[in-house]
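# A closer look at the structure
Residues per chain, in single letters:
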Amino acid sequence: MQVRTVLILDGILTIVLGPLFFFFGRNILQFLGSPAGDDALVLMRLYGGMLVMNGIFFLGSANTTDNAVRKSFLYGSLVVDGISACVLAYAAYTGVFNGWGYGGAAVFATVWLLFLFALLRLDELKVFTIIASEDDILAAVNQARTKKMQVRVRGSAHSVDKAIFTDKFKTWLKAGNEMNLYMSDYDEIVAVDPKTRRVEVQAGCHLGADPFDPAQKAIWERSLLYKLDAMGWALPDLGGITHQTVAGFLMTGSSGGSVKYSIDDAIYAFRFIDGNGEIQTASRDRNIDLFNAVGVSMGLLGVISTVTFQCVPKYDIVGQEATTYDTGAAIDLFGKGDKARPSLQKFMTDTEYMRMMWWPQKGVRKAVVWQARRMTRSDYNKETNPPNGPGKNPFKPKPYLELGENTLLAEIGASLFYTLIGNLSKLGALGRFLNKHLSWILTKVLNLFVVNDADAKPPGPQKFWDHYYNSLPMDNQMRDNLMPTEFTELWIPIEKTEAVMNALLQHYEKNGLSATGTYACEIYAAKRSRFWLSPAYNQNVVRIDVFWFARNAGNPAKTFYPQFWKLLKPFGFRPHWGKFLPPADSDTGREYMRQQYPRWDDFVKLRRKHDPQNLFLTRYWRDYFA
Ligand SMILES: Cc1cc2nc3c(=O)[nH]c(=O)nc-3n(C[C@H](O)[C@H](O)[C@H](O)COP(=O)(O)OP(=O)(O)OC[C@H]3O[C@@H](n4cnc5c(N)ncnc54)[C@H](O)[C@@H]3O)c2cc1C
């Protein structure tokens, strides 16, 4: 639960309870079995007044993003509610109050627990060095240089932990000779040029809202996309979610599913502090090699301070999601295609935005193909209203719904189901029994939820039209805490799509559940990038994104992903830097990767120049880039 929610809930509760205590103190005392003498009544009234004030402060502070203010209110209430609970329970125990005293104590104890929980969430920040200005970054890097400390930056922590944090990072303890920066107070737009449509934004700004921001500040209204939209501007493409920070997203080469548009094309410049404590600027026009190196660099060249984006005019999208058997899709997923049915490669090349979720399990074999394009004038009609329509006639979006109308219930159900089947090995005889029939159970359940369009009610694909920032990130609706997912994602030249799809299909058919797993495999594309370490460097790619439910027992890097690294090795893959990588010393590790990236050695040279003390080079990254 967000701190803001706790503050609002408690604000409402105390504003309602306060007047009751004040005006009906005698009745309440009688109800509690107390003799309700005058002294007790005065105390009740004082308490009621205090509750009202408490409520006003809470509601007033609910919208502040100043964590010191939030904390002082929470601590204050923790003390007051703790005392209230004890007094009520004691009064009931000694017979001054009847049994309802315990009931009251239970209410206060519950509220007390809520406060404690909210405070603990804010305390997650303790392990970070909070950044509020470029001077803070400089100070942190210089401190790291003089004290020989390791230093890393957290974005929204959607990558694997080792790709983000220092070697000894713990979520509850700050390691002495390490620094993990968090830019929760460094998220403003610092420059706008209306002529060129460029904005310079601080690196800690989130693309959209981040519901799991430990500082609990990353609301939609502070996000980059919100601010751009208010100026009539947009980014040309987005990933499947927009919780990431600007720098966190870019540093791993993240990208949406499009070979027509890419965020990389929208980056004009970077400003960063390197390991020598120097401010570096690089853009498409100046320090071009450095620009191409830093664009995807996992924080290994320095701490990104600002990014300048070249924006596009804002746009809406229109699209559909179709579910069919994989052999019956409107796209020829495994062949060369023809006029009536494009091959997957052609579909990816011609479609503005796309992604496919493949459920390859025997007895399921379904493809859920999501596609969209930018709306043009002829797409707007009475149902949609015009774009930027005036107040009484605004654009009427019909957003994409990933999980239907009742997302919470669907996700809780899916989460429980996956947690159960992912942990059968811990359930003894029952687990063994279920495991024996897992394939059958899975087929039944998946077919219940992944429904072919022909059997859907109403039949046919889901159609949607929406603001780009709302439906392009089609996975924003999935809650990370209910459906936590891990991935290995392999980017392969798009020309090899047909061969890759057939290799995967044969692998699934031959090896069954141990290859398909219980979850999906996402197939999408990315546009060629200029950044040396982008897995799409100089080539359009097809991306094979293998999902793993994070609450499954076992480590996918040992038990599940290696088969895909081996299978796809001949296709010359480049793995997504924010997801599971093949171990550096494996045959698809460092040397293999080095062969896939023509500018690998140039990057390593620049890394050594800009971080001679290896401040940013954790053990994890050293294995690849020392
Ligand atoms: C549910 C989910 C959906 C996803 N969807 C997509 C998708 O559609 N497409 C895609 O390509 N990827 C996707 N990803 C991967 C995700 O986009 C990447 O892992 C991305 O890097 C996460 O960004 P972040 O803000 O969480 O940064 P983090 O994961 O916190 O950090 C990423 C890297 O950037 C570095 N870093 C962060 N800030 C700075 C800074 N200021 N200076 C220097 N270095 C910095 C970190 O140290 C780390 O190395 C998804 C991941 C999840 C969990």
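Residues numbered from 1 in each chain as written. Predicted model: local features only at pLDDT ≥ 70, side-chain atom pairs only at ≥ 80, totals over all residues. Heavy atoms only, no water.

## What to know about the sheet that holds strand β3 (residues 178–182)
If you trace the three strands from one edge of the open sheet to the other, you get β1-β3-β2, paired in parallel fashion. Of all strands in the sheet, those bounded by a partner on one side alone are β1 (129–130) and β2 (150–154). Sheet topology places β2 next to β3; five bridges connect them, and they run parallel. Bridged to Q150 within β3 is E178. This element, helix α6 (residues 134–147), spans β1, β2 and β3 of the sheet and lies at about 170 degrees to β3. (Pairing = 2+ DSSP bridges. Helix = DSSP H or I, 4+ residues; strand = E, 2+ residues; numbered from the N terminus. Contact = heavy atoms within 4.5 Å. Axes fitted to C-alpha atoms, helices over the stretch in contact; angles between N-to-C directions.)

## As for the nonpolar core
Among the nonpolar cores identified, the biggest contains 123 residues, and F270, F309, I523, I544, W577, W621 and F625 are the most heavily contacted of them. Per-element tally for this core: the top contributor is helix α16 (residues 497–511), with six residues. Both domain 2 (129–313 + 600–625) and domain 3 (316–401 + 452–583) contribute no fewer than three residues apiece to this core. Those residues in contact with F625 that sit more than four places away from it in its chain are M298, L300, L533, W577, R590, W600, F603, V604, R607 and L617. Listed in part, the 19 residues of the second largest apolar core include I421, L434, I441 and F549. (Core = buried A, V, L, I, M, F, W, Y, C linked by side-chain atoms within 4.5 Å. Buried < 20%, exposed > 50% of the residue type's maximum accessible area, 1.4 Å probe, protein only. Domains from an automatic or database assignment.)

## Structural notes on the site of the ligand
The environment of the ligand is formed by 35 residues, the closest being V153, S156, S159, A163 and T252. One of the backbone N or O atoms of V153 is found 2.7 Å from an oxygen atom in the ligand. Contacts to the ligand include S254, whose side-chain N or O atom sits 2.9 Å from an oxygen atom. Coverage of the ligand by the protein amounts to 95% of the 970 Å² it exposes when considered alone. (Near = heavy atom within 4 Å. Polar contact = N/O pair within 3.5 Å; in protein donor to acceptor, adjacent residues only side chain to side chain. Areas by Shrake-Rupley, 256 points an atom, 1.4 Å probe, with all protein chains shown as cover.)

## A closer look at the state of the cysteines
On inspection of all chains with the given rule, the structure shows zero disulfides. Considering cysteine sulfurs only, C311 is the nearest to C205, which forms no disulfide, with 12 Å between them. Owing to a relative accessible area of 0%, C205 belongs among the buried residues under this scheme. (Disulfide = S-S within 2.5 Å.)

## Regarding the packing of aromatic side chains
Any pair of aromatic rings gets described here by the distance separating the centres and the angle formed by the planes. Scanning the entire structure with this criterion turns up 50 aromatic pairs. Where F417 meets Y418, the ring centres are 5.6 Å apart and the plane angle is 70 degrees; that geometry is what we call edge-to-face. Overall, the relative accessible area of 4% leaves Y418 in the buried class. What links up through ring pairs into an aromatic cluster is the set F334, W358, Y508, W548, F560, Y561, F564, W565 and F580. (Phe/Tyr/Trp six-rings, centres within 6.5 Å; stacked < 30°, edge-to-face > 60°.)

## Looking at the UniProt feature "transmembrane region" (unreviewed entry) in the chain
As annotated in UniProt, the feature "transmembrane region" (unreviewed entry) corresponds to residues 7–29, 41–60, 72–93, 99–120 and 290–309 in the numbering used here. As a span, residues 41–60 carries 100% helix and 0% strand, and end to end its C-alpha atoms are 29 Å apart. Measuring from the first to the last C-alpha atom of residues 72–93 gives 32 Å, for a span that is 100% helix and 0% strand. (UniProt positions renumbered as here; feature names shortened; annotations may be inferred.)

## Regarding unusual backbone geometry
With omega at -5 degrees, the peptide bond leading from K457 into P458 counts as cis. Here K148, not a glycine, exhibits a phi torsion of approximately 55 degrees, which is positive. By the secondary structure assignment, K148 is in the loop between α6 and β2. Classification of K148 as exposed rests on a relative accessible area of 64%. Here the phi dihedral of R365 falls at roughly 45 degrees; this positive angle occurs in a residue that is not glycine. You can see R365 is positioned in the loop between β12 (353–359) and β13 (366–374).

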